[in-house]
Amino acid sequence: MRARAVSLATLASLSVLAVGWQVGAQANASMQALSAPQAAPATIPAPSAGPATPTPAASAPAVSGPATTSAGSKATAPTAAAPAPAAPAPAARPTGTFTGSSVRTSYGPVQVSVTIANGTITEVTALQLTNDGGRSVAISAQAAPILRSEVLSAQSAKVSNVSGATYTTRGYLTSLQAALDTAGF
């Protein structure tokens, strides 16, 4: 009877872990899909089936003036090529200071602002960090400079979690991503 209860409890625990894993994976995938920039699909030319062989038209010399036809009359070939399409204008690079949303954590709110100059993150400032008790304040005070350094290095909110400061890290990076989204970064 006891062995049966232990095996059922183990099975229930494994089921909870599996469901949690799936929910977490789906949430992570949807967060990445939301934060990834949407780009138009690129057209990739299909590879040729064999080696390329020049066509007679491609190997014929170009004619830039009047030419004589087989009947002896003069014909003119076009000398101007079609104008090349204009290159797309470069996208405007965000510049300014942008404030992220205040993110609620179990240990208090977290909010950051980011300063961007010509599309480069130049500063990340913690406006609010977790503040529920002295230990929470100490953890946040230790984690904030590490997160700032990592964000400046990575130039995005996609950085590793600071060990021992999971709630601060999640709040910090969520608020940062909101600020970057506002900037169009």
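1. Topic: the pattern of salt bridges
Tallied over the entire structure, the rule returns one salt bridge. The partner of arginine 148 in a salt bridge is glutamate 123, and the shortest N-O contact between them spans 2.7 Å. Placement of the pair is arginine 148 in helix H3 (residues 134-154) and glutamate 123 in strand S6 (residues 120-128), with a sequence separation of 25 residues. You can call glutamate 123 partly exposed: its relative accessible area is 27%.

2. Focus: the confidence of the model for the protein
Averaged over the protein, the pLDDT score is 74; the fraction of residues at 70 or greater is 53%. This model gives residues 35-70 a pLDDT under 50, and the stretch forms 17 contacts once residues within four places in sequence are excluded.

3. Concerning the side chain of threonine 168
Relative to the helices and strands, threonine 168 is located in helix H4 (residues 166-183). Not counting residues up to four positions away in its chain, the partners in contact with threonine 168 are Val110, Leu129, Thr130, Ile139, Ser140, Ala143 and Leu147.

4. As for the packing of aromatic side chains
Taken as a whole, this structure holds one aromatic pair when the rule is applied. Centre to centre, the rings of tyrosine 107 and tyrosine 167 are 5.2 Å apart; their planes meet at 65 degrees, and the pair counts as edge-to-face. Here tyrosine 107, found in the loop between strand S4 (103-105) and strand S5 (108-117), pairs with tyrosine 167, found in helix H4; they are 60 residues apart in sequence, far enough to count as distant. Under the relative-accessibility criterion, tyrosine 167 is labelled partly exposed at 40%.

5. Quick look at the nonpolar core
Counting 20 residues, the largest nonpolar core has Val114, Val124, Val151, Tyr172 and Leu176 as the members making the most contacts within it. Elements represented by at least two residues in this core include exactly S5, S6, H3 and H4. If one sorts the elements of this core by residue count, H4 sits on top with six residues. Excluding residues that lie within four positions of it along the chain, tyrosine 172 makes contacts with Val110, Val112, Val124, Ala126, Leu129, Ala144, Leu147, Arg148 and Val151.

Each value, and the rule that gives it
Residues numbered from 1 in each chain as written. Predicted model: local features only at pLDDT ≥ 70, side-chain atom pairs only at ≥ 80, totals over all residues. Heavy atoms only, no water. Salt bridge = Lys/Arg side-chain N within 4 Å of Asp/Glu carboxyl O. Helix = DSSP H or I, 4+ residues; strand = E, 2+ residues; numbered from the N terminus. Buried < 20%, exposed > 50% of the residue type's maximum accessible area, 1.4 Å probe, protein only. pLDDT = per-residue confidence, 0-100. Contact = heavy atoms within 4.5 Å. Phe/Tyr/Trp six-rings, centres within 6.5 Å; stacked < 30°, edge-to-face > 60°. Core = buried A, V, L, I, M, F, W, Y, C linked by side-chain atoms within 4.5 Å.

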